[in-house]
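# Architecture and fold: a report
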Amino acid sequence: MTEIATARRSRITPEREAELYRAVLDLLREVGYDALTMDAVATRTRSSKATLYRQWGGKAELVAKAVRHDKPGVSAGGVDTGSLRGDLHALTMRSDDCEMEQNSALMRGLAMAIHGNPDLLRAFREHLVEPEMAEFRRVLQRATDRGEVRADNPAIDFVPHMMIGAFAARTMLDEQPPTQAFLLSYIDAVVLPALGVTTRTA
């Protein structure tokens with residue numbers, strides 16, 4: 001029974017899957033999460049609702065996977081430049097300014113829905129939050145292994161909070177979208193000093 005279900009789920013090609021995810025994100029930007037329906041996705045993508053439910057189970061899973069798929073470098077297996085500064089800069093530069101602005105607007109629109117919908121919150125934690133936290137942990141573990149950061153530095157646990165906070169606060173405080181230049185400067189001025197890493201820009 002499991003083999004049959006797996007075979008059915010594998011019928012969607014990677015190209016078709018990417019097309020479906022793009023359509024979901026377009027609909028999200030147009031109508032928001034609450035007004036987005038599986039009927040609308042089926043119509044926009046010329047799919048059947050049965051196919052969508054069989055592949056993704058429901059709206060929350062589909063939306064979370066669409067957002068995750070749209071993030072650059074998700075399948076790159078992480079970065080390893082040989083330094084913490086290089087790794088954090090490389091992670092930041094996987095999205096250009098246009099992508100960051102689009103992602104910022106999309107996440108603002110999803111924020112209320114995420115916290116008001118347990119299924120969406122669970123899906124986002126599984127497909128976005130946990131993978132990104134794991135990537136930060138790998139980057140920071142390599143930094144401690146290299147001796148760049150002390151293992152007992154209390155700021156280690158707060159690096160994801162600092163990075164996500166900077167991304168979100170840019171719009172609220174400065175009324176500007178996050179940019180590569182802003183986040184790279186933030187890493188050098190705030191994150192690295194908090195971790196006891198000397199910034200060398202020369």
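Residues numbered from 1 in each chain as written. Predicted model: local features only at pLDDT ≥ 70, side-chain atom pairs only at ≥ 80, totals over all residues. Heavy atoms only, no water.

### Looking at the packing of helix α2 (residues 14–31) against helix α3 (residues 38–45)
Under the convention used in this document: To obtain each axis, a line is fitted to C-alpha atoms, and for helices this fit is confined to the stretch in contact; angles are then taken between N-to-C directions over 0 to 180 degrees. Segments assigned H or I by DSSP are reported as helices when at least four residues long, segments assigned E as strands when at least two residues long, and all are numbered from the N terminus. Should an angle fall under 35 degrees it is taken as roughly parallel, and over 145 as roughly antiparallel, whereas 65 to 115 is taken as roughly perpendicular and any remaining angle as oblique. Crossing chirality is assigned from the near helix's rotation relative to the far helix, an anticlockwise turn below a right angle marking it left-handed and a clockwise turn marking it right-handed. Note on contacts: a residue pair is in contact if any heavy atoms of the two residues lie within 4.5 Å.
Their axes nearest at 10 Å, the elements α2 and α3 cross at an angle of 125°. On the basis of their axis angle, the class for α2 and α3 is oblique. Two packed elements cross with a definite hand, and for α2 against α3 that hand is right-handed. Across the interface between the two elements, Arg16, Leu20, Ala23, Val24, Asp26, Leu27 and Glu30 from α2 touch Ala40, Val41, Arg44 and Thr45 from α3.

### Section: the environment of Gln176
Quick reminder of the rule: Remark: exposure states derive from per-residue accessible area (1.4 Å probe, protein chains only) relative to the maximum for the residue type, with buried under 20%, exposed over 50%, and partly exposed in between.
With respect to the helices, strands and loops of the structure, Gln176 is situated in the loop between α9 (159–174) and α10 (180–194). Here Gln176 falls in the partly exposed class, since its relative accessible area comes to 39%. Note: C-alpha distance between Gln176 and Glu101 (75 residues apart in sequence) is 8.9 Å. Residue contacts for Gln176: discarding those within four places in its chain leaves Arg170 and Thr171.

### A word on unusual backbone geometry
Unlike most non-glycine residues, Arg46 shows phi in positive territory, near 55°. One non-glycine residue, Glu175, adopts positive backbone phi at about 55°. Its location among the elements puts Glu175 in the loop between α9 and α10.

### Considering the pattern of salt bridges
The cut-off we apply is this: In what follows, salt bridge is the name for a side-chain nitrogen of Lys or Arg lying within 4 Å of a carboxyl oxygen of Asp or Glu.
For the coordinates displayed, the defined rule picks out 17 salt bridges. Across the pair Glu30 and Arg44 runs a salt bridge, and its minimum N-O distance is 2.9 Å. In this pair, Glu30 sits in helix α2 while Arg44 sits in helix α3, placing the two residues 14 residues apart along the sequence. Taking the relative accessible area as the measure of exposure, Arg44 reaches 35% and is therefore partly exposed. Of the charged contacts in the structure, one is a salt bridge between Asp87 and Arg142, with a shortest N-O distance of 3.2 Å. Here Arg142 lies in helix α8 (residues 118–146) and Asp87 lies in helix α6 (residues 84–92), a separation of 55 residues in the sequence. Via salt bridges that share partners, Asp80, Asp87, Arg142, Arg146 and Glu148 belong to a single interconnected network.

### Things to note about the nonpolar core
We apply this condition: What we call a nonpolar core is a set of buried Ala, Val, Leu, Ile, Met, Phe, Trp, Tyr and Cys residues that are connected through their side-chain atoms within 4.5 Å.
One finds Leu28, Val63, Leu110 and Phe124 to be the most contacted residues of the largest nonpolar core, which totals 28 residues. Those elements that place two or more of their residues in this core are α2, α3, α4 (49–56), α5 (59–70), α7 (97–116) and α8. Not counting the four nearest positions on each side in its chain, Phe124 is found in contact with Val63, Ala64, Val67, Met107, Leu110, Ile114 and Val129. Leu88, Leu91, Phe136 and Ala155 belong to the second-largest nonpolar core, a separate cluster that totals 23 residues.

### A closer look at α6
The cut-off we apply is this: Two N or O atoms count as a polar contact when they lie within 3.5 Å, although within protein this holds only if one can serve as hydrogen donor and the other as acceptor, and sequence-adjacent residues are included solely when both atoms are side-chain atoms.
Burial analysis of α6 places seven of its nine residues in the buried class, the great majority of the element. Buried within α6 are the following residues: Leu84, Gly86, Asp87, Leu88, His89, Leu91 and Thr92. Elements that come into contact with the buried residues of α6 comprise α7, α8, α9 and α10. Of the residues flanking the start of α6, the one acting as N-cap is Ser83, its side-chain oxygen 2.9 Å from the backbone nitrogen of Gly86.

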